[in-house]
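# Working through the structure, step by step
Listed here are the chains, written in short residue letters.
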Amino acid sequence: MTEPIQRESLWRRWVVKPVVAQLAQGTTPAKIAQAIAFGVTTGVFPLLGTTTMLALGVGVVLKLNQPVLQVFRELTYPLHLASILLFMRAGESLFGAEHVPLSIPMMMERFFASPGKFMAEFGMIGLYGVVVWLLLAPLLIGVVFFVSKPLVEKLAKHLNFSRHDA
């Protein structure tokens, strides 16, 4: 008789295992929570195709844990797509700009047809979205950090990886 093969959940494979691996290497729960917070925040940056390099740059400058940062940046991809238009609409409202008809497929089509013309048409609304993101980023970083830190600490304690935060 064969025993049933137990499959590993995606949550365990893509979230828990990278965090456990970093804890095993001596990374503190606070540093992991910081990387999670910046990964989520850079992951929703409102310009398509920029989040990987933004996260890499922020991670290098702040000396964040890159594996955890990039995993959580990637996990926010669906939220990233959903939030692009929200940031841009909020930017229009913030700056009192005229409402521009937007959709991700239409914007991508126009970008690939003529990047220069695309920037002329949508550059300012993109900038508005970035300003809104910059205003909200500190709040998002704080919320994600203070939610994730106790969870990572609990995981570290459960796995006997407790360390003193410096």
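Refer to the structure above for everything that follows.
To characterise two packed helices, one gives the angle between the axes of the helices and the distance between these axes. At a closest axis distance of 9 Å, the pairing of helix 2 (residues 29–43) and helix 3 (residues 51–62) adopts a crossing angle of 150°. Comparing the axis directions of helix 2 and helix 3 gives the class roughly antiparallel. Relative to helix 3, the crossing made by helix 2 is right-handed. Where helix 2 abuts helix 3, its residues Lys31, Phe38, Thr42 and Gly43 lie against Thr51, Leu54, Ala55, Val58 and Leu62. Of the residues assigned to the contact of helix 2 with helix 3, the class counts are five nonpolar, three polar and one charged.

All right, on to helix 6 (residues 104–113) then. All of the buried residues along helix 6 are Ile104, Met106 and Met107. Each buried residue of helix 6 sits inside an arc of 160° when the element is viewed along its axis, so together they form one side. Within helix 6, the exposed residues directed more than 90 degrees away from the buried face are Pro105, Glu109, Phe112 and Ala113. In this fold, the buried residues of helix 6 make contact with helix 5 (77–95) and helix 7 (115–158). Two or three places before Met106, at the opening of helix 6, Ser103 has a side-chain oxygen 3.2 Å from that residue's backbone nitrogen.

Glancing now at the environment of Ser148. Of note, Ser148 is situated in helix 7. Residue class for Ser148 comes out buried when judged on its relative accessible area of 8%. Placed 81 residues apart in sequence, Ser148 and Pro67 show a C-alpha to C-alpha distance of 16 Å. Excluding residues that lie within four positions of it along the chain, Ser148 makes contacts with Ala33 and Ile36. Within the local environment of Ser148, its side chain forms a polar contact with the backbone oxygen of Val144, the two atoms lying 2.8 Å apart.

Thresholds applied
Residues numbered from 1 in each chain as written. Predicted model: local features only at pLDDT ≥ 70, side-chain atom pairs only at ≥ 80, totals over all residues. Heavy atoms only, no water. Axes fitted to C-alpha atoms, helices over the stretch in contact; angles between N-to-C directions. Helix = DSSP H or I, 4+ residues; strand = E, 2+ residues; numbered from the N terminus. Parallel < 35°, antiparallel > 145°, perpendicular 65-115°, else oblique. Left-handed = near helix turned anticlockwise from the far one by under 90°. Contact = heavy atoms within 4.5 Å. Nonpolar A, V, L, I, M, F, W, Y, C, P; charged D, E, K, R; others polar. Buried < 20%, exposed > 50% of the residue type's maximum accessible area, 1.4 Å probe, protein only. Arc of directions from axis to C-beta. Polar contact = N/O pair within 3.5 Å; in protein donor to acceptor, adjacent residues only side chain to side chain.

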